[in-house]
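Examining the three-dimensional arrangement
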Amino acid sequence: MAAITYRKALNDALAEELAHDENVVIIGEEVAEYNGAYKVTEGLWKRFGDKRVLDTPISEAAFVGLGVGASMLGIRPVIELMFWSFAFVAYDQIVNNAGCIRYMSGGLVNLPLVIRGPANAGTNVGATHSHMPESILASNPGVKVVCPATAYDAKGLMKTAIRDNDPVFVMENTLLYGETWEVPEEEYLIPLGVADVKREGSDLSLIAHGRAVITSLQAADILAREHNIDAEVVDLRSIRPLDEEAILQSVRKTHRAVLVDENKPFCAVSAQIATTIQGKAFDDLDAPVMRVCSLDTPAIYSPPLEKLQLPTLERVVEKALSIA
């Protein structure tokens with residue numbers, strides 16, 4: 001095991017897959033000579049060259065479209081978006097083309113495409129750069145969406161995503177890039193659609209994805225230390241495919257659930273989780289399913305207010321205590 005950052009884990013995954021398969025290419029703005037806007041692609045252009053790591057003009061519609069066409073011909077593009085907020089100008093290419101071609105071709109044409117980049121608020125970059133569109137994208141059949149919370153998960157999920165034959169959208173969080181976790185030095189893959197119990201517990205389930213997992217783990221520590229409540233933390237890891245069985249198994253054990261979600265509450269990922277629990281584990285519940293989401297406004301520019309807009313540790317603990 002080695003202690004590496006979330007950023008380094010992604011970089012290692014990309015390097016390993018570029019070396020593993022000559023059809024893997026990286027496409028995006030400043031991914032080559034500049035080493036990526038967030039240095040996730042650092043060193044890859046120098047190692048693999050112009051044909052494997054390509055800088056593009058500032059046009060998401062163009063280079064996402066390029067990636068979709070290339071993937072139809074057997075290339076495995078990994079496309080970096082500087083922000084997932086910019087995906088909306090390429091929505092036709094991402095959802096209508098990448099998401100539908102395999103179905104429309106009767107399964108004859110695969111789309112082995114990865115789109116990755118930051119999908120988070122909390123960095124004081126304003127409303128137009130702070131979207132978390134995993135719920136929007138995951139609502140479309142034909143695509144897969146993953147949200148790694150740790151360096152270990154980021155590396156394993158990225159490698160699996162690149163080898164997958166469907167479009168996979170990897171939602172990263174810039175606030176996690178510099179955080180460090182233990183990661184195996186040997187190669188490993190994490191299957192899509194498999195959740196992970198980050199903390200075993202018996203009294204209450206905290207179910208989350210992305211950076212909200214870290215908040216949930218901190219809340220679980222406070223609940224145990226100050227309130228004698230043993231909370232379980234379930235990391236979804238994949239939004240689509242969704243590991244419903246892991247969710248239901250946890251709720252059937254603890255009989256209470258708080259869903260922690262940095263999405264806005266309306267049509268959020270946690271709304272899907274709530275209806276899954278309601279429909280399939282209702283008789284196991286001893287309290288209503290609760291949610292802690294971001295406040296329902298565009299991302300606030302003011303740094304101290306934006307921190308309060310996201311699910312805070314205090315709000316998670318308060319909501320857990322309300323049903324404990």
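Scroll up a little and you will see the structure.
Attention in this report is confined to the structure presented alongside it. Predicted model, so just to flag it, every value in this text is computed and none were measured. (Residues numbered from 1 in each chain as written. Predicted model: local features only at pLDDT ≥ 70, side-chain atom pairs only at ≥ 80, totals over all residues. Heavy atoms only, no water.)

So, on to the overall build of the protein chain. If you tally the helices and strands in the protein chain, you get twelve helices and 14 strands. Here the C-alpha atoms of the protein chain give a radius of gyration of 19 Å, agreeing with the 20 Å that 2.2 N^0.38 yields for 324 residues. Each principal axis of the C-alpha distribution contributes one length, and for the protein chain these read about 55 × 40 × 40 Å. By residue count, 54% of the 324 residues in the protein chain fall in the buried class. (Helix = DSSP H or I, 4+ residues; strand = E, 2+ residues; numbered from the N terminus. Rg over C-alpha atoms; globule rule 2.2 N^0.38 Å. Buried < 20%, exposed > 50% of the residue type's maximum accessible area, 1.4 Å probe, protein only.)

Before going further, it helps to spend a moment on the packing of helix H1 (residues 6-20) against helix H7 (residues 151-163). Running from amino to carboxyl end, H1 crosses H7 at an angle of 25°, the nearest separation of the two axes being 8 Å. As far as their axial angle goes, H7 and H1 are roughly parallel. When the axes of H1 and H7 are compared, the crossing they make is right-handed. Seen from H1, the contacting residues are Tyr6, Ala9, Leu10, Asp12, Ala13, Leu14, Glu16, Glu17 and His20; seen from H7, they are Ala151, Ala154, Lys155, Met158, Lys159, Ile162 and Arg163. The class makeup of the residues in the contact of H1 with H7 is nine nonpolar, one polar and six charged. (Axes fitted to C-alpha atoms, helices over the stretch in contact; angles between N-to-C directions. Parallel < 35°, antiparallel > 145°, perpendicular 65-115°, else oblique. Left-handed = near helix turned anticlockwise from the far one by under 90°. Contact = heavy atoms within 4.5 Å. Nonpolar A, V, L, I, M, F, W, Y, C, P; charged D, E, K, R; others polar.)

Membership of the largest hydrophobic core comes to 42 residues, with the highest contact counts inside it found for Val64, Trp84, Ile94, Ile115, Phe169, Ile207 and Ile277. For this core, the elements supplying multiple residues, two or more each, are strand S2 (24-28), helix H3 (60-72), helix H4 (91-98), helix H6 (134-138), strand S7 (168-172), helix H9 (244-254), strand S13 (257-260) and helix H10 (269-280). Looking at which domains feed residues into this core, each of domain 1 (2-183) and domain 2 (196-323) supplies at least three. If we ignore the near neighbours within four places in the chain, the residues touching Phe169 are Trp84, Ile94, Ile115, Leu137, Val143, Lys144, Val145 and Val146. Core analysis: the second largest hydrophobic core is formed by 35 residues, Leu44, Val146, Met158 and Leu192 among them. (Core = buried A, V, L, I, M, F, W, Y, C linked by side-chain atoms within 4.5 Å. Domains from an automatic or database assignment.)

With that settled, the discussion passes to helix H8 (residues 212-227). For H8, built from 16 residues, the straight-helix expectation of 22 Å at 1.5 Å per residue is met to within 8% by its first-to-last C-alpha distance of 21 Å. Considering only its buried residues, H8 is in contact with strand S9 (196-199), strand S10 (204-208), strand S11 (231-235), S13 and helix H12 (313-323). Phi turns positive one or two residues past the end of H8, at Asn228, with a value near 55°. (Expected span 1.5 Å × (residues − 1).)

A few words on the sheet that holds S13. In spatial order, the strands read S9-S11-S10-S13-S14; together these five strands make up an open sheet with mixed pairing. Every interior strand has two partners, whereas the edge strands, S9 and strand S14 (290-292), have only one. Pairs of neighbouring strands in the sheet enclose a mean axial angle of 25°, with direction left out of account. Pairing of S10 with S11 involves five bridges; the strand directions are parallel. Paired with Ser205 across the bridge in S11 is Glu232. Against the sheet, H9 contacts S10, S11 and S13, and its axis sits at roughly 155° relative to S10. Against the sheet, H10 makes contact with S10, S13 and S14, and its axis sits at roughly 160° relative to S13, the strand it touches most. (Pairing = 2+ DSSP bridges.)

This is a description of form; function is not addressed.
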